[in-house]
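Understanding the architecture of this molecule
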There are 2 protein chains.
Amino acid sequence: MKPLVIGLGQCSLDILGQVDNYPELDEKAELNSLLVQGGGPVATALVTLSRLGVPVAMAGAVGDDDFGRQIREGLIQENVDCTYLMQSAQSSSQVAFVSVDAQGHRNIFWHRGTAHPVFSERLPGLLSDSVRILHLDGLHLDPAIAAAKLARRQAVTTVLDGGTLRPGSEELLPFIDHLVVSEKFARQFIGRDDPEAAIQGLLGYGAVEVTVTMGRSGSLSMGKGLSPILQPAFAVGAIDTTGCGDVFHGGYVYGLLQNWPLERTLRFAAACAALKARALGGRTAIPTLPEVESFLSSQDEQQTPEVIG
Amino acid sequence: MKPLVIGLGQCSLDILGQVDNYPELDEKAELNSLLVQGGGPVATALVTLSRLGVPVAMAGAVGDDDFGRQIREGLIQENVDCTYLMQSAQSSSQVAFVSVDAQGHRNIFWHRGTAHPVFSERLPGLLSDSVRILHLDGLHLDPAIAAAKLARRQAVTTVLDGGTLRPGSEELLPFIDHLVVSEKFARQFIGRDDPEAAIQGLLGYGAVEVTVTMGRSGSLSMGKGLSPILQPAFAVGAIDTTGCGDVFHGGYVYGLLQNWPLERTLRFAAACAALKARALGGRTAIPTLPEVESFLSSQDEQQTPEVIG
């Protein structure tokens, strides 16, 4: 199947462990359970789309190490096209250790690895005719900007998962149509805890819509000609919130592909993220389309997005 | 080379990451560097002996996973005979994530894995004629007791690295000639922070010598007909103390093989541990024999063990 969505960005190997309590400095903790699973913002968003039935492809880099092999295998198992997932010679893959405690608190220790995607002469073929959306996370800024510029030329919609505002991030923003950023990104951008002001500022870069994801507080979205939309998070007994943001992005991109109104897209994305949290691991409980539909139809009307003002 | 020492116990894959600061609950930390390396108390003690020039063998279990393959490769690379390192079907290997901060503080998140060594009909051949010492850590209690009983029958000296006092640990103690335990083990045993009292109690199980290792405070040893010996830790700029205890045990076993007086053995073991701390990883900086000798000859007389009373 030719990909409808291509993601360019991070793919990681996640090593997740459950502890009773997050250990104090200098203490040991024995893990009650351990799970090794692929992760990473763009990669897990693509897995979400794949489980929802969308053909997807991953562009990025892994190292020539055991972790890289496991990352690739995990993506292929999820039907993610890895033609553009390169293996960098003599380099290490991105890896994360995630500690999840009995109360669902989460700590992430991550290493970006030394593998870096360089597409150069392969870039022009990246966005094949079938591709409608390019999904980015912006850690590897140069290839992200190059791909986003190409997307503009080929009228491919661009989505950015902004997790951390890094030096140079602003150079990518003018090429983004749909900007979905973390609370942290919004705070770094505006210099204070004011998601609405951050969105107003970010809209200045030209995106059609900007959303700030706020964990258990849901998400806040604004766009051209739209009233602000506050989408609450669905209340589920969260076992592990690792990857909830990534899965939200996958659901968001799914809504874009369906040309849904933003409210519907946000509600759908929130449902995907909530269902993901049912099990340990960023990918374990990513739902299929029937699961999301069944979950949404079971929800009270009160869970529909709140239109402010 | 036929092994002089066989170790039965834990072998692990350590994933070590350096952070600026150990993260608060719910925070992320990006690792400045990452190292994947074999670890585990008995396995790293054996690697120490091997670097010191002693032929050694590892008895234990790994899972049939990627980590298990890496654990075995790491041991073979260090010339550790893995004939008795079994691979348990459909099981997971022991793995640890170790966070090391800029001040050398260390946190360990570890999973014992589901692989469990079962020697059954292979047990009688475990202690071949060449074997003089059996080194144990006691996590897998049943095979440890079986092997220690066999060692008694074959007049093979037994050494136990006691890290944590676990239910049933006492059943193993009567079969141990040299007991080297952590401060934590001593505290658990005696119910308070009193290493000397713990040693007195532990000597009751019949060991020739009992030592409590106390990190930067050195080690305290007592034995039949010996005055207590306090061996200070050598002051080195420690980058990472992961595995220092395991390497101390390796040095201790080396001294036993040489029939050195306990004072000399403890000083040698302390030097091995100090040199190990020079680099990230439980094994990276384990010294060779010339390195230990050169280090010891460079040390002041003040670093010789203190004989109390």
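Before reading further, recall that the structure is shown in the block above.
Thresholds applied
- Along each chain, the written sequence defines residue order, and numbers are assigned to residues from 1.
- Throughout, the order in which chains and ligands are written sets their labels, letters from A for the former and numbers from 1 for the latter.
- In keeping with the model being predicted, local features are shown solely for residues with a pLDDT of at least 70 and side-chain atom pairs are shown and tallied solely at 80 or more, while totals for entire chains, interfaces and linings include all residues.
- Hydrogens and water molecules were not included; the side-chain quantities draw on all heavy atoms of the structure.
- The term salt bridge refers to a side-chain nitrogen of Lys or Arg lying within 4 Å of a carboxyl oxygen of Asp or Glu.
- Secondary structure follows DSSP: runs of H or I at least 4 residues long count as helices, runs of E at least 2 residues long count as strands, and numbering of each begins at the N terminus.
- Only protein chains enter the area calculation, which uses a 1.4 Å probe; residues under 20% of their type maximum are buried, those over 50% are exposed, and those in between are partly exposed.
- The contact rule is simple, with two residues in contact once any of their heavy atoms fall within 4.5 Å.
- Using a 1.4 Å probe, buried area is obtained as the accessible area two parts lose upon being combined, added over both of them.
- N or O atoms within 3.5 Å of each other form a polar contact, as long as, within protein, one can give a hydrogen and the other can take it, and as long as residues adjacent in sequence are counted only when both atoms are side-chain atoms.
- Note that Gly is not counted as nonpolar here; it falls among the polar residues with everything else outside the nonpolar set of Ala, Val, Leu, Ile, Met, Phe, Trp, Tyr, Cys and Pro and the charged set of Asp, Glu, Lys and Arg.
- Each pair of strands is called paired provided DSSP finds at least two bridges between the two strands.
- All axes are obtained by fitting lines to C-alpha atoms, using only the stretch in contact for helices, and the reported angles, taken between N-to-C directions, cover 0 to 180 degrees.
- For classification, angles of less than 35 degrees are called roughly parallel, those exceeding 145 degrees roughly antiparallel, those between 65 and 115 degrees roughly perpendicular, and all remaining angles oblique.
- Take the far helix as your reference; a near helix turned counterclockwise from it by less than a right angle gives a left-handed crossing, and one turned clockwise gives a right-handed crossing.

This next bit is on the pattern of salt bridges. Once their charged atoms are close, side chains differing in charge can pair, the charge on each being opposite to the other. All names here are of chain A. Across all of its chains, the model carries 18 salt bridges over all chains by this definition. Note that D66 and R69 form a salt bridge whose closest N and O atoms lie 3.2 Å from each other. Of this pair, D66 and R69 both sit in helix α2 (residues 66–77), three residues apart, which is roughly one turn of the helix. By relative accessible area, which is 17% here, D66 ends up buried. Judged by its relative accessible area of 34%, R69 is partly exposed. Taking the shortest distance from any N to any O, the salt bridge between D194 and R192 comes out at 3.3 Å. Classification of R192 by relative accessible area gives partly exposed; the value is 44%.

For the rest of this paragraph, the subject is the interface of chain B and chain A. One frequent convention defines the size of an interface as the accessible area lost when the parts assemble. With 32 residues of chain B at the interface, the matching set in chain A holds 32 residues. Both faces considered, chain B and chain A share a buried interface measuring about 2,900 Å² in area, 58% of it formed by carbon and sulfur atoms. Three residues stand out in chain B for area buried against chain A, namely B:L25, B:E30 and B:F109, and they jointly supply 20% of the buried area on that side. At the boundary of chain B and chain A, one finds four salt bridges. Of the charged contacts in the structure, one is a salt bridge between A:R112 and B:E30, with a shortest N-O distance of 2.7 Å. Counting across the chain B and chain A interface gives 25 residue pairs in polar contact (both at pLDDT 80 or more). The set of elements that each furnish at least two residues to the side of chain B that touches chain A consists of β2 (12–19), β3 (28–30), β4 (33–39), α2 (66–77), β7 (94–101) and β8 (106–111) of chain B. Among the elements that make up the side of chain B that touches chain A, the one with the highest residue count is β8(B) (six residues). Tallied by class, residues from the side of chain B that touches chain A come to 15 nonpolar, seven polar and 10 charged. Where strand β8 (residues 106–111) of chain A meets β3(B), three bridges bridge the pair, whose relative direction is parallel. Looking at β3(B), one finds that A:I108 is bridged to B:K28.

Residues and elements named next belong to chain A. For the pair helix α1 (residues 41–51) and helix α7 (residues 244–257), the least separation of the axes is 7 Å and the interaxial angle reads 50°. Viewed along their axes, α1 and α7 adopt a mutual orientation that is oblique. α7 is crossed by α1, and the crossing has right-handed handedness. Residues P41, T44, A45, T48 and L49 of α1 lie in contact with α7, whose contacting residues are D246, V247, H249, G250, G251, V253, Y254 and L257.

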